[in-house]
2 protein chains.
Amino acid sequence: MRWSKALIPTLKETPADAVAPSHKLLLRAGMVRQLGAGAYTYLPIGFRVLSKVVRIIREEMDAAGALELLMPALQPVELWKESGRYETFGDLLMQLKTSSDQHFALGPTHEEVITDLVRDLVRSYKQLPVTLYQIQTKFRDEPRPRFGILRTREFLMKDAYSFDANVEQLNDSYDAMYEAYCRIFDRCGIPYAIVEAESGPIGGDSSHEFMVPSSTGEDTIVQCPACNYAANKERAEIGAPSEAPAIPAATPDAPSPAPVETPNRRTIQEICDFLKITEAETAKLLVFLADGRPVAALVRGDHEANEAKVRRAFGATTLTQADAPTIEKATGAPMGFLGPVEIKIPLAVDRSVAAMPTVVVGGNKLDVHLTGVVPGRDFPLDKVLDLRNAVGGDPCPKCGRLMVENQGIEVGHVFKLGTKYSRAMGAHFLDDKGQEIPVIMGCYGIGVNRIVAAAVEAGHDDNGIVWPLSLAPYHVLIAPLQLNNPAVMEAAEALEKKFEAAGYDVLVDDRDQRPGVKFKDADLIGIPLRIVISERGLKEGTVEVKWRTDASAHNVSAATADEAILAELETTRRGMENVSAERRISRAASRGQ
Amino acid sequence: MRWSKALIPTLKETPADAVAPSHKLLLRAGMVRQLGAGAYTYLPIGFRVLSKVVRIIREEMDAAGALELLMPALQPVELWKESGRYETFGDLLMQLKTSSDQHFALGPTHEEVITDLVRDLVRSYKQLPVTLYQIQTKFRDEPRPRFGILRTREFLMKDAYSFDANVEQLNDSYDAMYEAYCRIFDRCGIPYAIVEAESGPIGGDSSHEFMVPSSTGEDTIVQCPACNYAANKERAEIGAPSEAPAIPAATPDAPSPAPVETPNRRTIQEICDFLKITEAETAKLLVFLADGRPVAALVRGDHEANEAKVRRAFGATTLTQADAPTIEKATGAPMGFLGPVEIKIPLAVDRSVAAMPTVVVGGNKLDVHLTGVVPGRDFPLDKVLDLRNAVGGDPCPKCGRLMVENQGIEVGHVFKLGTKYSRAMGAHFLDDKGQEIPVIMGCYGIGVNRIVAAAVEAGHDDNGIVWPLSLAPYHVLIAPLQLNNPAVMEAAEALEKKFEAAGYDVLVDDRDQRPGVKFKDADLIGIPLRIVISERGLKEGTVEVKWRTDASAHNVSAATADEAILAELETTRRGMENVSAERRISRAASRGQ
């Protein structure tokens, strides 16, 4: 391909409204353009990257035995009402009515549609297991589209759904997808962490997210630097403190709690400013309805309560935040001044609070807080548990080492759904005993566009994008410096032909531009390998070769440039494959443990 | 692929609501399922066919030098208001508002979006010509979705747009797309006619439709069996009668027109029934507003007036049908009884009417018609022209032979847009003289799903689908008849491996079913080549081979079955390629004439 024919509208200036590196660079490299809020056009070289991601996903899904199909974006809303998600999805669901008054949703995901299909097609356990997938455009009424192609209203998703007759089959289907995802992200050349995410109803470690570390990421993950434990902040368990839990014995000598007047100071921040203490010296009492019954959770002022953990602490199946009237009725105390002393409802205390010698809490009276409150003396420690989101510095639940906190971009998610949809929508089959039971499902998503963005977030420098070889729009850029010199152009075209015949995509910069402009653009669009052919080089019998990841160029003999460069390309390609293969072996080994 | 793993839910019964052969058979073959009105899911083997069409289109578009990109389905309606199509597209445009009250259309086509993109990216004639394309999902609020996947609300389209600096460039871009389309349809193995369609504003033969003949088709085309002339019925010219036009000399001897009472008989049908004559013995007078001025056109009772031809007959730029009050005011005659005798407004007469010795027409009075009216004596023949839609039996405008009428499915359309969008939306560039002028556009569409349907319409028999080799979900079906016989299964698997290694897609029917069921299903899903491996055959040293297009099977030696069958496959594949190549040569030759 000739640069002059390729429509690559690079920009010198960074667009003002772009913040994320991937957003800035994809715009500057002429890969995408915004059409409207949350809707992007992929220009030719951006589309080439997207296509390469699609191809890798398709190959690995096919290799994993999944069958590709294609479902419509237009979904009758009746299906959403059947599954019960019409309400829970709320405003995020884009909807329209046809002129004949039929009511459609634009699919943000296809659990309903595929469950509807499978209840029609699958009747017997003999048809199971089966995993179906599509690579298809999704819609979501994102209230705040941002970070360029990272969070948009329209995006390409690979969504897969497994249908199994029993839990063993589900586990196999899940593992096959998990493994396929690893291979996809390995082959895409992006760094990723696999983190535990909120569990499905079948229990166990039945949901994982694939996260690319990036400060642009909207998810927070905590990772153990020692073992391979990683989890979403909301999901992470917190290891017990390495020393014996420092729950203080009741200290009868300590002074009694002292009430202080805190007029109109309701938030932790206001109390701390007023009393000149840190948030870590306070605790906040939160009131929930656990299966409808009021309960209280006490966490440190600088921590976030984790509702799933609180729910489990009280053995409840549902947990909702209580509103102000409910709280006042249950505790007799006004919002902003709640505390654990003489509490009238069941109380669970986070381990970090239980470990404090004294703590500042609400006084259960308007405009009153208590200082010098001693856990275990002034309020009960019958139920001390992990009740909060993890943060960097918390101990790893597996090995106890201190975990670190990172931002991440979610690029994939695998999830054991169980029978949520099949039960709600009546997708039953006859098992081998002739009994009609709901099919067991899993769902598996990959954000195709997000892989493109994540690859840029993980691969860029001050000069532009650094594509992995597998995703680069072109593998090789050939820059002939003297367009009017036939020897230079012939050498360029000869190399182009050789590389293309070997299966590499080649871009020839045939623009009548200064070398500086060409090199800057080459760096910006991130082509992995740059070949410079010049009069002087040819006179000296050399061709200049520079990898985008290298600081400097090196020369190869012009006479054997084709073979030398192809050998370098092959080495890089095989290097990526080896990484992928080694990781596969190491995953297999760790499963075998 | 094993049949038992392929999810092919064939149906024995034809679904009650399916009328078109493609609709019935794609459902019965387990290729598609309806999700909602006008929205279809492509099941795995249907998706394989769709993918093969997509791959052929992509290869030929790339070979023609077009650049692929991807634009969003969500389009800000402001762009549609800018182009002026927001009104003209009307209810067909699907629309929605986001929760933040942004107003989007779901793109039925992308002229606005791409013109918006190009006005941003293209500044100079040096960036032209460029042709951009995408293969992307379109939406259309079709009031009457029907014929299965032929007319749906959501469909896959290949839409391309050319941008040129001058008319010569446009012609080259147009010809490149025209040629690419021929190669696409040739490679897809579907019969097609290229018909002239309504011209664009640049004039000449600047719009062509690609039609697959089928009784299910919603378009009517007339074709000359002698030369290659073909056109949409609405667009076709009608050749002059082969003999000198039989405009009768005024025949003073003939009796004067005779008024007959025709109380309440207003339609042609009512008059004919009442007078016991045929529609071809009558003529109907139609009143239009040509640039606002009332004019009349007289066509035979059994013919349809063609508004484009009438418009041109009066040299007008707009033509609309006149309403009843306007007609009565202009002619003094009531609707249903209009006639050409003593007409007060300009009159154009169709050639077929001018050739009649006498004709029955309206009497320009309530409940009165005139019989024995002589053209040229009783009304003027100053303006005798072709004013009607062509029908089968009309002479070819190129060679004079009688044309035939067929129904057709439109699968592609190429169109010289000119500057309609670039002017309306300000997509200007600097030409080589430094002048800012609007870019010249062409647009080129292919209905991807329609190719699948058209291939079935053109390729089926009583037993099911007959796929062309290039589109078949699998090229070869291997049916081992004794699943428990290791020799049979080994022979099947050995052939499967050989064929797959040679690049063919193979389906092995591993179901525990009677041969009759397997053969019926094989015919239904339309796999081009069926291989039967049986105990008896192996004992006799043979393997049975049957082409879907052949009436009967033949045996090949089991020892050399792989090579013999591969040779047959190659012959068929090359046969299709040769047809495509021969047609290309013949097109090139006819262009050279």
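Cut-offs used in this document
Residues numbered from 1 in each chain as written. Chains lettered and ligands numbered in written order. Predicted model: local features only at pLDDT ≥ 70, side-chain atom pairs only at ≥ 80, totals over all residues. Helix = DSSP H or I, 4+ residues; strand = E, 2+ residues; numbered from the N terminus. Buried ≥ 20, exposed ≤ 12 C-beta atoms within 10 Å, placed from the backbone. Contact = placed C-beta atoms within 7 Å. Nonpolar A, V, L, I, M, F, W, Y, C, P; charged D, E, K, R; others polar. Expected span 1.5 Å × (residues − 1). Least-squares fit on C-alpha atoms with pLDDT ≥ 70 in both. Axes fitted to C-alpha atoms, helices over the stretch in contact; angles between N-to-C directions. Left-handed = near helix turned anticlockwise from the far one by under 90°. Pairing = 2+ DSSP bridges. Right-handed = clockwise from strand over helix to strand, strands pointing away.

Enquirer: Just to check I follow, could you spell out the environment of Asp 386 of chain A for this structure?
Expert: All names here are of chain A. Following the sequence through the fold, Asp 386 ends up in the loop between strand 20 (384-385) and strand 21 (404-418). Residue class for Asp 386 comes out buried when judged on the 20 C-beta atoms lying within 10 Å of it. C-alpha of Asp 386 to C-alpha of Val 349: the two residues are 37 residues apart in sequence and 8.2 Å apart in space. With near-sequence residues (within four places) excluded, Asp 386 lies in contact with Glu 237, Ile 238, Lys 309, Asp 350 and Arg 351.

Enquirer: Hey, could you run me through the interface of chain B and chain A in this one?
Expert: Often, the extent of an interface is quoted as the loss of accessible area upon association of its parts. On the chain A side, the residues contacting the 41 residues of chain B number 41 residues. At the level of elements, strand 1 (32-36), strand 2 (39-42), helix 2 (44-63), strand 3 (67-68), strand 4 (74-76), strand 5 (94-97), helix 5 (111-121) and strand 7 (130-139) of chain B are the ones that each hand at least two residues to the side of chain B that touches chain A. The biggest single contributor to the side of chain B that touches chain A is strand 2 of chain B, with four residues. A per-class count over the side of chain B that touches chain A returns 27 nonpolar, eight polar and six charged.

Enquirer: Even after reading the chapter, I still don't get helix 6 (residues 167-188) of chain B, so can you show me in this structure?
Expert: For an α-helix, the turn length of 3.6 residues means that residues three or four places apart are oriented alike. Residues and elements named next belong to chain B. Over its 22 residues, helix 6 runs 31 Å from end to end, which matches the ideal 32 Å to within 8%, given 1.5 Å per residue. Of all the positions in helix 6, only Leu 170, Ser 173, Tyr 174, Ala 176, Met 177, Ala 180, Tyr 181, Ile 184, Phe 185, Asp 186, Arg 187 and Cys 188 are classed as buried. Phi turns positive, to about 70°, at Gly 189, one or two residues after helix 6.

Enquirer: How do you make sense of the relation of the copies chain B and chain A when you look at a structure like this?
Expert: The two copies are related by a screw motion: chain B maps onto chain A through a turn of 180° and a shift of 0.2 Å along the axis, at an RMSD of 0.4 Å. What the superposition gives is, in effect, a two-fold axis relating one chain to the other. In terms of proximity to the rotation axis, the leading residue of chain B is Leu 96 of chain B, whose C-alpha is 2.9 Å off the axis.

Enquirer: Sorry, what's going on with the packing of helix 2 (residues 44-63) of chain A against helix 12 (residues 448-458) of chain A here?
Expert: Axes are the key here: two packed helices are described by the angle between their axes and the distance separating the axes. All names here are of chain A. Interaxial distance between helix 2 and helix 12 falls to 9 Å at its minimum, and their mutual angle equals 120°. Handedness of the crossing formed by helix 2 with helix 12: right-handed. Between helix 2 and helix 12, the contacting residues are Val 49, Leu 50, Val 53, Val 54 and Ile 57 on the first element and Val 448, Asn 449, Ile 451 and Val 452 on the second. Per-class residue counts for the contact of helix 2 with helix 12 are eight nonpolar, one polar and no charged.

Enquirer: Which parts of the structure should I look at to understand the sheet that holds strand 20 of chain A?
Expert: Whether parallel or antiparallel, the strands of a sheet pair through hydrogen bonds between backbone atoms. With mixed pairing, the five strands of this open sheet are ordered in space as 16-14-15-17-20 (chain A). Strands at the two margins of the open sheet, each flanked by one partner only, are strand 16 (319-321) and strand 20 of chain A.

Enquirer: Would you take a moment to explain unusual backbone geometry for this structure?
Expert: Trans peptide bonds make up most of the peptide bonds, and negative phi angles are found at most residues other than glycine. Residues and elements named next belong to chain A. Here the amide bond leading from Leu 128 into Pro 129 is cis, since omega sits at 0°, within 30 degrees of zero. Looking at the secondary structure, you find Pro 129 in the loop between helix 5 (111-121) and strand 7 (130-139). A positive phi angle is found at Lys 276, which is not glycine, with a value near 55°. Along the chain, Lys 276 falls in the loop between helix 7 (268-275) and strand 14 (283-290).

Enquirer: I tried to follow helix 14 (residues 515-525) of chain A on my own but got confused; where do I start?
Expert: Turning to helix 14 of chain A, its buried residues are Asp 521, Ala 522, Asp 523, Leu 524 and Ile 525 of chain A. Count one or two residues on from helix 14 of chain A and you reach Gly 526 of chain A, which has phi positive near 80°.

Enquirer: I'm lost on the pairing of strand 27 (residues 476-480) of chain A in this one. Help?
Expert: For a regular strand, the rule is simple: side chains alternate between the two faces of the sheet. All names here are of chain A. Within strand 27, five of the five residues are buried, leaving the element largely enclosed by the surrounding structure. Covered by surrounding structure in strand 27 are Val 476, Ile 478 and Pro 480 together with Leu 477 and Ala 479, the residues of both alternating faces. Of the pairings in the sheet, the one linking strand 27 to strand 28 (residues 506-508) comprises three bridges and is parallel in character. By the bridge assignment for strand 28, Val 476 is matched with Val 506. Once you follow strand 27 into helix 13 (residues 486-501) and on to strand 28, the crossover reads as right-handed.

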